[in-house]
Structure formats: C-alpha cells, structure tokens
Amino acid sequence: QEQLIESGGGLVQAGGSLRLSCAASGRTFSSYAMGWFRQARGKEREFVGAINWSGSRIYYADSVKGRFTISRDNAKNTVYLQMNSLKPEDTAVYYCAAGSIYPSATTDEYDYWGQGTQVTVSS
C-alpha cells in the first residue's frame, strides 16, 4: 500500500555530509513511525534511527548519535536523514521503513521498505 522512494545517496569524502530523503505515497503516512536502517556489504542490516509519527520522539544508534539527524515533514509525506561528519564505516545501502506505531530498532516491526540508496564514504 505504502510506496517508499529514497534519494540523496552518493559518494562523499570522509567528513562530508549527505541528506537522504524518503518520499511516501498514501494518505496514512502521518500515522506511521519511520525508521532508517543500513546494510554494509557482507553484513547484516542495522538500525540507524527512528522517529515517531509527529517527530516528537527520535532515537539514534550510538554509532551515529551526534552526527545524524532524522526529521519528517508530514505535509510532504517525506522523512529525512541528514548525515554529517561521515566516516568510511558509514558506507552502506540505506533503507527507510514504515509501518510501526512506535519507533523501533527492529526490522521485523516495519511493514514497508524503500528500495535503498547507496552511500559511499571515501577515506
């Protein structure tokens, strides 16, 4: 039902910044908690951060806290991931997800996923 389209990935040098966007279709976007996950080559998908329906509650993995910022604009049906001070270990395919009532760090609790966007950080 919900279609998520991610954009904004690319190649950046260490210390640089990228802003990822995830645009959703459907009129129920504002009711969903949204999550960001990433999966590096040869590794399992890991939690990056999550935001509740209103944007009043936001959670981050320790590895990105202080560097990444999640926000959402429900009027635009879009959630953002601002990534600053990027490190080579941030290199991964980044996915947005929707469907939880509450923001969660567990992939099983999300019903809809974007196609992923590649982020590559060079040293």
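Throughout what follows, the structure given in this document is the object of discussion. (Residues numbered from 1 in each chain as written. Predicted model: local features only at pLDDT ≥ 70, side-chain atom pairs only at ≥ 80, totals over all residues. Heavy atoms only, no water.)

What about the pattern of salt bridges?
Close approach of charged atoms allows side chains with opposite charge to pair.
Piece 1. Applying the stated rule across the entire model yields four salt bridges.
Piece 2. Of the charged contacts, one joins D62 and K65 as a salt bridge, the two residues approaching to 3.5 Å between their closest N and O atoms. Of the two residues examined, D62 and K65, each falls in the exposed class.
Piece 3. For R67, the salt bridge is made with D90, and the minimal N-O distance between the two is 2.8 Å. Separated by 23 residues along the polypeptide, R67 in the loop between strand 6 (58–60) and strand 7 (68–73) and D90 in the loop between strand 8 (78–83) and strand 9 (92–100) bring together distant segments of the chain.
Piece 4. Counted as one network, the salt bridges with shared partners bring together R38, E46, R67 and D90. (Salt bridge = Lys/Arg side-chain N within 4 Å of Asp/Glu carboxyl O. Buried < 20%, exposed > 50% of the residue type's maximum accessible area, 1.4 Å probe, protein only. Helix = DSSP H or I, 4+ residues; strand = E, 2+ residues; numbered from the N terminus.)

Some thoughts on unusual backbone geometry
Piece 1. Here N77, not a glycine, exhibits a phi torsion of approximately 55°, which is positive.
Piece 2. Along the polypeptide, N77 turns up in the loop between strand 7 and strand 8.
Piece 3. One non-glycine residue with positive phi stands out, namely S85, at about 50°.
Piece 4. Turning to its location among the elements, S85 is positioned in the loop between strand 8 and strand 9.
Piece 5. Here S85 falls in the partly exposed class, since its relative accessible area comes to 40%.

Details of the sheet that holds strand 7
Piece 1. Reading across from one edge, 1-3-8-7 is the order of the four strands in this open sheet, with antiparallel pairing throughout. Looking at the sheet topology across the chains shown, the edges are occupied by strand 1 (4–7) and strand 7. Taken pair by pair, the neighbouring strands of this sheet meet at an average axis angle of 15°, ignoring direction.
Piece 2. Two elements, strand 7 and strand 8, share six bridges in a ladder whose sense is antiparallel. (Pairing = 2+ DSSP bridges. Axes fitted to C-alpha atoms, helices over the stretch in contact; angles between N-to-C directions.)

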